[in-house]
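A structural walkthrough
These are the residues of each chain, in order.
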2 protein chains.
Amino acid sequence: MTTSYNLKMLRVNLTEKSIKTEILDEALAKKFIGGRGLGTKILYDEGVAKVDALSPANKLVFINGPLTGCNVPTGGRYMVVTKSPLTGMIASSNSGGVWGARLKYAGYDAVIVEGKADAPVYLSIHDEKVELLPAGDLWGKESTNVEEILKEKHGKEASVLNIGPAGEQMFELACIMNEADRAAGRSGVGAVMGSKLLKAIVCSSTRTVIEPFDKEKLREVVTESLRKIRENGVTGQGLPTYGTAVLVNIVNNIGSFPTRNWQESYFADADKTSGETLKEKYLVKQGYCHRCPIGCGRVINMNGKTVGGPEYEPIWAYGANCGVEDLEAINEANYWCNELGLDAIGAPTTIAAAMELYQKGYLKEEDCDGVPLVWGSAKAIVEWTKHMGYGDNKLGRLMASGSYRLCDHYGVPEFSMSVKKQEMPAYDARGIQGIGITYATSNRGGCHVRGYMISPEVLGLPEPLNRLATEGKATWTKIFQDLTAVIDSSGMCLFTSFALGAPDYAALLNAATGTNYDVEGVLKVGERIYNIERLFNKEAGMVAGDDTLPKRILEEPIPSGPSKGEISKLNITLPQYYEVRGWVDAFPTEATLKRLDLL
Amino acid sequence: MTTSYNLKMLRVNLTEKSIKTEILDEALAKKFIGGRGLGTKILYDEGVAKVDALSPANKLVFINGPLTGCNVPTGGRYMVVTKSPLTGMIASSNSGGVWGARLKYAGYDAVIVEGKADAPVYLSIHDEKVELLPAGDLWGKESTNVEEILKEKHGKEASVLNIGPAGEQMFELACIMNEADRAAGRSGVGAVMGSKLLKAIVCSSTRTVIEPFDKEKLREVVTESLRKIRENGVTGQGLPTYGTAVLVNIVNNIGSFPTRNWQESYFADADKTSGETLKEKYLVKQGYCHRCPIGCGRVINMNGKTVGGPEYEPIWAYGANCGVEDLEAINEANYWCNELGLDAIGAPTTIAAAMELYQKGYLKEEDCDGVPLVWGSAKAIVEWTKHMGYGDNKLGRLMASGSYRLCDHYGVPEFSMSVKKQEMPAYDARGIQGIGITYATSNRGGCHVRGYMISPEVLGLPEPLNRLATEGKATWTKIFQDLTAVIDSSGMCLFTSFALGAPDYAALLNAATGTNYDVEGVLKVGERIYNIERLFNKEAGMVAGDDTLPKRILEEPIPSGPSKGEISKLNITLPQYYEVRGWVDAFPTEATLKRLDLL
């Protein structure tokens with residue numbers, strides 16, 4: 001029977017230099033959908049939770065969802081699932097571009113990488129021809145250069161995924177790039193690749209289509225989905241026109257735009273860094289991932305060079321959060337994150353933390369290699385990004401281990417605006433109560449894309465919620481988290497969820513794979529995924545107290561601006577959340593695990 | 001006019017991929033002799049003191065002395081001079097084997113390496129043919145393997161210098177190996193090579209002799225020197241028969257053999273790890289460096305495999321200092337230091353510090369990856385050496401940054417038995433007052449081979465001094481330090497100084513190079529070298545308080561054994577030392593610099 005799964009995986013053992021094809025059990029795949037869910041299940045079952053993240057015993061799973069490569073809107077995403085060196089817990093970082101679709105077309109749902117090479121290698125996949133090739137001449141090189149060299153060798157149609165110098169040096173803020181400017185950005189997944197001496201995976205295929213379970217039905221559901229995406233204000237207008245940075249003014253205007261490492265939450269110069277300004281001054285054209293009808297990507301002009309532009313997150317993190325209003329410098333700093341393979345949230349938020357250390361005298365001028373870490377310094381954000389990525393000075397290397405390790409080094413871990421050692425993104429949880437629950441309970445640490453409560457609390461989608469209220473937020477957060485787990489596991493982009501809901505995703509999955517999900521059923525799979533991640537974290541050593549927010553968010557009210565006086569009420573919402581999840585002390589009860597078929 | 005200098009240097013810029021030959025100014029060379037002295041002068045003049053040690057702006061100088069490659073006893077040594085990532089000050093690490101002589105025969109006194117490669121490379125030198133070649137396939141590989149591969153390619157006569165996985169990962173305890181088991185061991189020089197993506201330097205030559213200034217005279221002086229070396233008890237008998245580990249029982253018997261991270265200073269089981277026991281149980285044959293008449297090297301049987309054996313220092317550091325009496329495990333741990341490119345003093349002393357952290361509850365069992373860091377554990381010394389070199393778990397990576405950073409991480413830097421962040425070696429400065437001055441004032445941090453006061457204070461050479469007295473020790477230390485600087489700069493081995501004195505070295509240098517040194521003159525050059533190193537350190541940020549000893553040595557008397565109750569009297573000797581040096585607050589006065597022709 002036809003299904004959009006390949007039901008085939010590659011297992012590459014770098015120590016043994018072996019490459020094997022394995023059958024993916026269809027029932028298991030459907031139980032966790034794919035991507036984030038299935039990847040976590042595989043690693044959990046193989047005992048990875050307990051190993052050191054940078055040891056050869058850790059494994060990397062590059063994994064598609066069943067909708068990756070299908071003729072569905074945004075159906076081109078893959079995930080990197082591994083144990084994180086940043087958090088010591090589960091990492092699952094999502095990326096677009098075309099790499100995931102190419103892997104799917106080549107015939108594989110996933111690549112599991114184990115062990116450690118005895119010299120730098122890259123993996124080349126072309127249909128059944130899969131090889132480990134020497135990558136010594138690529139080691140040390142930046143993303144664009146690696147992309148060029150490997151395309152020269154393997155053809156223009158080949159898609160390249162790689163790490164930069166940051167990953168090679170196993171920095172906790174290292175990401176994995178594909179198509180040179182698309183990133184599996186968070187949780188230090190690039191450092192795991194580096195620890196294995198795996199520089200790149202290049203992928204091409206002769207096939208370019210995936211046959212779904214029910215082609216007619218899928219076409220019908222896709223037509224309806226595309227209509228919803230086009231007609232939705234966010235996916236049909238806001239994101240295509242201004243990119244994700246359309247949020248800059250929106251979030252700043254409600255005074256929940258963290259400024260100068262969250263010491264404030266309103267940035268007077270925000271508009272100078274907005275999506276509107278970016279479009280006006282630097283935009284060349286929109287950027288599209290595989291099969292994307294939205295095109296939130298920005299292709300910009302940087303000093304005469306056409307490069308990938310920054311998203312909302314790095315614009316905020318380099319901008320308001322470092323007190324910088326110079327968009328040209330932000331564009332350049334963001335470019336260096338891509339070239340060097342640094343998390344474009346983690347790197348700038350760590351610079352912001354360093355600036356607070358400097359402001360308060362923990363970091364001295366003599367530590368700063370000629371570029372003082374002062375608020376608002378355009379030079380500092382560019383130069384320190386390069387120092388972090390190249391690791392070419394002491395402070396840069398320390399910063400590349402993330403804000404938590406940096407601030408802890410100076411005895412003030414509380415200056416790190418992070419959860420589970422991963423930096424929080426661009427929404428102040430003091431002014432938006434629901435997103436605080438997401439940050440605190442995200443299995444991969446501080447993160448907005450594990451339950452994007454901004455959608456109802458700020459954008460009013462699917463319905464407006466009072467951002468300052470606590471009531472009902474625990475339940476909303478759980479549903480958003482579970483639905484997000486479904487989307488991440490399917491191979492589609494989270495941004496479709498502004499326009500689509502659980503019934504749409506269920507219908508798409510059913511038509512593609514032959515499942516029979518109703519809304520309740522598909523959300524239950526999402527819940528299962530959220531819980532298997534939590535089981536992974538428990539085995540990795542997570543404790544109940546890890547579900548929390550930085551002291552500043554819990555104890556220091558926003559000092560000024562439209563959300564002045566607000567503070568996170570996590571003390572109220574967290575117990576409610578555990579109750580709706582069926583968790584006690586941060587972990588699922590036996591009854592919950594039984595209900596989710598995880599026992 | 002003939003001279004034993006080549007008067008030619010290579011300058012290799014890895015960023016620009018350029019290789020140039022430069023003239024070495026003869027007057028400048030003679031002013032600093034070569035090796036350690038000239039290398040420091042070059043780096044000082046080129047402004048290296050102020051740069052970050054692991055940035056492309058740091059430089060590595062591989063440099064011979066004028067006696068390297070000459071027909072003189074032990075004339076085969078070279079030095080690696082650079083800014084140290086461990087101490088942040090001058091590094092100059094000395095190594096034997098044959099690599100230095102090969103470089104000399106190929107036609108160069110030094111190789112200066114600058115910049116950073118854009119992918120791993122190695123440098124190949126064969127006479128005038130000098131090339132940068134890709135080393136991607138060598139990256140990640142251990143010393144023996146690198147040696148084999150490069151000899152396969154460049155011929156059996158080629159000599160290979162390389163870094164292991166520790167250097168690639170820029171660990172502060174990384175060393176540089178040559179001939180697979182000879183090491184430029186200390187101060188993290190291997191990390192600097194790693195930061196430049198330079199994996200190895202392979203060197204061969206068609207020439208195999210160096211013409212000295214006065215061949216007849218040199219032959220005459222060498223004959224006399226060889227006689228003295230043969231007739232001396234240490235160089236003629238002790239070292240050849242038992243290797244450097246002949247010292248184990250000698251130093252333990254005076255109760256100055258640091259035990260369990262210097263908490264005690266007498267190890268009841270020391271004899272089980274002595275040079276005598278090593279000879280009886282494991283020795284296959286003596287090991288000789290180029291033109292060495294002593295042969296202190298140990299070639300041993302390790303589980304049926306013939307490998308380089310441990311010297312006195314690692315035997316002590318892995319043995320008494322970790323409370324381990326299992327010589328077989330010490331042999332194996334030492335082997336892994338060589339294979340992975342770790343400082344065989346720094347690595348085991350850091351394990352000892354970790355064991356004290358474990359003993360006192362700072363390190364927990366769950367931090368230890370299944371191998372608890374308990375005193376006396378044979379398994380721990382082997383496994384943690386591997387973890388440090390491979391960097392395959394979190395604690396291993398932290399430990400590979402040295403005991404200071406390790407202990408500081410846990411808030412107890414005082415557990416690090418180090419000076420200027422470099423670990424002290426195998427002689428307790430509480431029971432031997434002079435060596436404490438050497439440790440405290442060594443320009444490269446805790447070190448015994450920068451003024452080996454053990455010679456008069458313990459071995460009675462050239463004359464016996466009371467080890468517990470302070471009087472006269474400052475003057476003796478200064479003379480030993482200055483003479484050592486001469487020997488290190490000449491290309492000969494420090495061990496010859498048990499038998500030879502300043503008149504011998506002056507005569508050897510005069511015959512080889514055409515200088516006219518008398519004893520006073522040659523010692524003045526040594527003093528100049530010591531002072532230029534100090535100027536380098538000053539520019540690198542050293543402050544007066546850095547000339548000190550760990551609190552334990554200054555405040556906790558030895559608790560038991562033959563030196564019970566003794567403590568370092570550095571408070572008395574250090575001011576005396578500064579006075580004889582002509583220094584104020586740790587740095588040379590203008591008058592001193594003028595006298596030494598350094599202004």
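Reference entry: report on the structure contained in this document. One numbering rule holds for all chains: residues counted from 1, following each sequence as written. Following the order in which they are written, the chains are lettered starting with A and the ligands numbered starting with 1. This being a predicted model, a pLDDT of at least 70 is required before a residue's local features are given, and a value of 80 or more before pairs of side-chain atoms are given or counted; all residues contribute to the totals for chains, interfaces and linings. Side-chain calculation: all heavy atoms of the structure are included, whereas hydrogens and water are not.

As a further point, take the nonpolar core. Only buried Ala, Val, Leu, Ile, Met, Phe, Trp, Tyr and Cys residues count toward a nonpolar core, and they belong to the same one when joined by side-chain atoms within 4.5 Å. Note on exposure labels: buried denotes an accessible area under 20% of the residue type's maximum, exposed denotes more than 50%, and partly exposed covers the range between, all computed with a 1.4 Å probe on protein chains only. By size, the foremost hydrophobic cluster in this structure holds 377 residues, and its most contacted members are A:Phe62, A:Ile125, A:Ile381, B:Phe62, B:Ile125 and B:Ile381. Residues in contact with B:Ile125, not counting those within four places in the same chain, are B:Leu10, B:Leu103, B:Ala106, B:Tyr108, B:Val111, B:Val130, B:Ile201, B:Val202, B:Cys203 and B:Ser204. Contact between two residues is taken to exist if any of their heavy atoms lie within 4.5 Å; hydrogens are not considered.

For the least-squares superposition of copies, only C-alpha atoms count, and only for residues with pLDDT at least 70 in both. Overlay of chain A on chain B (RMSD 0.0 Å): rotation 180°, translation along the axis 0.1 Å. The transformation relating the two chain copies, once decomposed into turn and shift, fits a two-fold axis. Within chain A, the C-alpha atom positioned nearest to the axis of rotation is that of A:Gly136, 1.4 Å from it. Interface overlap between copies: 100% of the residues of chain A at the interface are likewise at the interface in chain B, consistent with a symmetric, same-surface contact.

This paragraph deals with the pairing of strand β9 (residues 159-162) of chain B. Regular strands place their side chains on alternate faces of the sheet. All names here are of chain B. Taking every second residue as pointing to the same face, both faces of β9 are buried, with Ser159 and Leu161 on one and Val160 and Asn162 on the other. One ladder, built from 4 bridges, connects β9 with strand β12 (residues 198-204); its direction is antiparallel. Residue Ser159 lies in a different strand from β12, and its bridge partner there is Cys203. One ladder, built from 2 bridges, connects β9 with strand β10 (residues 176-178); its direction is antiparallel. Among the inter-strand pairings, Asn162 is bridged to a residue of β10, identified as Met177. Here a strand is any run of E in DSSP of at least two residues, a helix any run of H or I of at least four, and the numbering for each starts at the N terminus. Following DSSP output, two strands are said to pair if at least two bridges run between them.

This part is about the sheet that holds strand β14 (residues 297-302) of chain B. Pairing between sheet strands relies on hydrogen bonds along the backbone, with the strands arranged either parallel or antiparallel. Residues and elements named next belong to chain B. Strand order in the open sheet formed by 3 strands is β13-β14-β15, with antiparallel pairing between adjacent strands. Of all the strands in the sheet, just β13 (283-287) and β15 (305-308) have a single pairing partner and so form its edges. This sheet shows a mean twist of 25° between the axes of neighbouring strands, independent of strand direction. The pairing of β13 with β14 spans 4 bridges and is antiparallel. Residue pairing in the sheet places Lys285 in a bridge with Val299 of β14. Here the axes come from fitting lines to C-alpha atoms, over the contacting stretch only for helices, and the angles between their N-to-C directions go from 0 to 180 degrees.

Salt bridges, as used here, are contacts in which a Lys or Arg side-chain nitrogen is within 4 Å of a carboxyl oxygen on Asp or Glu. Enumeration over the complete set of coordinates arrives at 86 salt bridges over all chains. Among the ionic pairs, A:Asp488 bridges to A:Arg450, the shortest N-O distance being 3.4 Å. Residue A:Asp488 is found in helix α19 (residues 473-490), and its partner A:Arg450 is found in the loop between α17 (433-441) and α18 (454-459); the two are separated by 38 residues along the sequence. The exposure classification of A:Asp488 matches that of A:Arg450, with both residues buried. A salt bridge links B:Lys478 to B:Asp482; its shortest N-O distance comes to 2.9 Å.

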